[in-house]
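# A look at the structure
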Amino acid sequence: MTDKYLPRYENKVIIVTGAGGGIGTAIAQRFAREGGQVVVTDSNAELANETTASIVAEGLKAVTMVADISSRDECYKLIADVEAQFGKIDVLINNAGINRRGPLMELSDEDWDLTMQVNVTSMFHLCRAAIPNMIKNGGAAIVNTASQWGLYPAPGHIAYNVSKAAVASFTQNLARDYAPHKIRVNGVCPGEIGTPMLQKAAERKGLTFADFDKMVPFGRIGRPDEVAALMAFLASEEAEFMCGSLVEITGAQPVA
Ligand SMILES: NC(=O)c1ccc[n+]([C@@H]2O[C@H](COP(=O)([O-])OP(=O)(O)OC[C@H]3O[C@@H](n4cnc5c(N)ncnc54)[C@H](O)[C@@H]3O)[C@@H](O)[C@H]2O)c1
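A quick note: this is a predicted structure, and the numbers were derived from the prediction, not measured. (Residues numbered from 1 in each chain as written. Predicted model: local features only at pLDDT ≥ 70, side-chain atom pairs only at ≥ 80, totals over all residues. Heavy atoms only, no water.)

## What to know about the packing of helix 1 (residues 22-33) against helix 9 (residues 224-234)
Cut-off, in case you're wondering: The axes are straight lines fitted to the C-alpha atoms, using for helices just the contacting stretch, and the angles between their N-to-C directions are given from 0 to 180°. Under the scheme used here, helices are H or I runs from DSSP no shorter than 4 residues and strands are E runs no shorter than 2 residues, and both carry numbers assigned from the N terminus. By the definition adopted for this analysis, an angle is roughly parallel if under 35 degrees, roughly antiparallel if over 145, roughly perpendicular if from 65 to 115, and oblique otherwise. Here is the rule for handedness: rotate from the far helix to the near one, and if that takes an anticlockwise turn smaller than a right angle the crossing is left-handed, while a clockwise turn gives right-handed. What makes two residues a contact is simply this: any of their non-hydrogen atoms within 4.5 Å. Under the scheme applied, nonpolar residues are Ala, Val, Leu, Ile, Met, Phe, Trp, Tyr, Cys and Pro; charged residues are Asp, Glu, Lys and Arg; polar residues are all the others, including Gly.
Two elements in contact, helix 1 and helix 9, have axes separated by 8 Å at closest approach and are oriented at 50°. Here helix 1 lies oblique to helix 9, going by the angle between them. Handedness of the crossing formed by helix 1 with helix 9: right-handed. Residues Gly22, Ile23, Ala26, Ile27, Arg30 and Phe31 of helix 1 form the contact with helix 9, whose participating residues are Pro224, Asp225, Val227, Ala228, Ala229, Met231 and Ala232. By residue class, the composition of the contact of helix 1 with helix 9 is ten nonpolar, one polar and two charged.

## Considering the sheet that holds strand 7 (residues 246-249)
In plain terms, the rule: In this description, strands pair whenever DSSP reports at least two bridges between them.
Taken together, the seven strands give an open sheet; going across it, the order is 3-2-1-4-5-6-7, and neighbouring strands pair in parallel fashion. Of all strands in the sheet, those bounded by a partner on one side alone are strand 3 (61-66) and strand 7. Averaged over neighbouring strand pairs, the angle between their axes works out to 20° when direction is ignored. By the bridge criterion, three bridges tie strand 1 (residues 13-17) to strand 4 (residues 91-94) in an arrangement that is parallel. Note on strand 4: the bridge partner recorded for Ile15 is Leu92. Contacts from helix 3 (residues 72-86) reach strand 1, strand 2 (37-42) and strand 3, with the element oriented near 145° to strand 3.

## Considerations on the pattern of salt bridges
Worth spelling out the cut-off: Any carboxyl oxygen of Asp or Glu that lies within 4 Å of a side-chain nitrogen of Lys or Arg is treated as forming a salt bridge with it. Each residue is placed in one exposure class: buried if its accessible area under a 1.4 Å probe, protein chains only, is under 20% of its type's maximum, exposed if it is over 50%, and partly exposed if it falls in between.
Tallying each qualifying case throughout the model produces twelve salt bridges. Linking Lys88 and Asp90 is a salt bridge whose minimum nitrogen-to-oxygen distance equals 3.0 Å. By relative accessible area, Lys88 is classed as partly exposed at 24%. A salt bridge links Arg223 to Asp225, with the nearest nitrogen and oxygen atoms 2.8 Å apart.

Written out as structure tokens, the structure is:
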């Protein structure tokens, strides 16, 4: 915990998937700064270790557990490893995602399948693996990273948009089914956030983040730490009555 932040996650165990990436790193750092024990997980060991090292360097608590969540077995192993090391899971942040672009006829079967595996099916397996532990402990919070494009599709990204629409529906379904167990499930729907994922999109179009800034009514794209702050609120006791919500964080940018 640091002075600037509330101690909302002291003695809590938080798993963050995709924690080597732009938004995931910020989420892991935020929960650690609020006193949490963070499990930094990503398929990219180097990126995950960088996130963990940044947290440990602040004197805060994080461990790396490498997992490729497109694999059912690795999802179950990840949760089993967290249970073995920490005994409980207070918060699961399903944040890892990939963006394979293209309209229907330009996508490969592999692009479609991998998008669904990483963005959607991983949540199915991770939640199935974690929920028995969460019920046993009397409740938990799950926050899923969907996307504004899952609600209002941008052209030329059918696999990504459909996967994120599925994340939104998965979030609402899980919330309805497990609210009686005090497992609160919510989703965030970011607009354009300055991360390596958006950087790739900008380079492909020959644009910079400054060009993207001009497209947002608020005057700039979002920052990863702003998504992390929303996640930290949604997973906290302050948001106790929020269950099944999908919260947009977009700077009022409409999908073009
Ligand atoms: N950046 C944006 O503008 C934006 C907007 C809306 C939603 N999102 C969503 O936010 C989430 C984070 O995106 P980001 O912008 O930080 O992207 P990013 O590419 O910077 O990070 C994604 C991370 O997920 C990891 N990952 C990918 N496949 C994995 C797998 N099979 N197993 C485990 N980890 C895997 C990557 O290694 C990477 O570290 C994603 O779900 C993305 O769809 C991002």
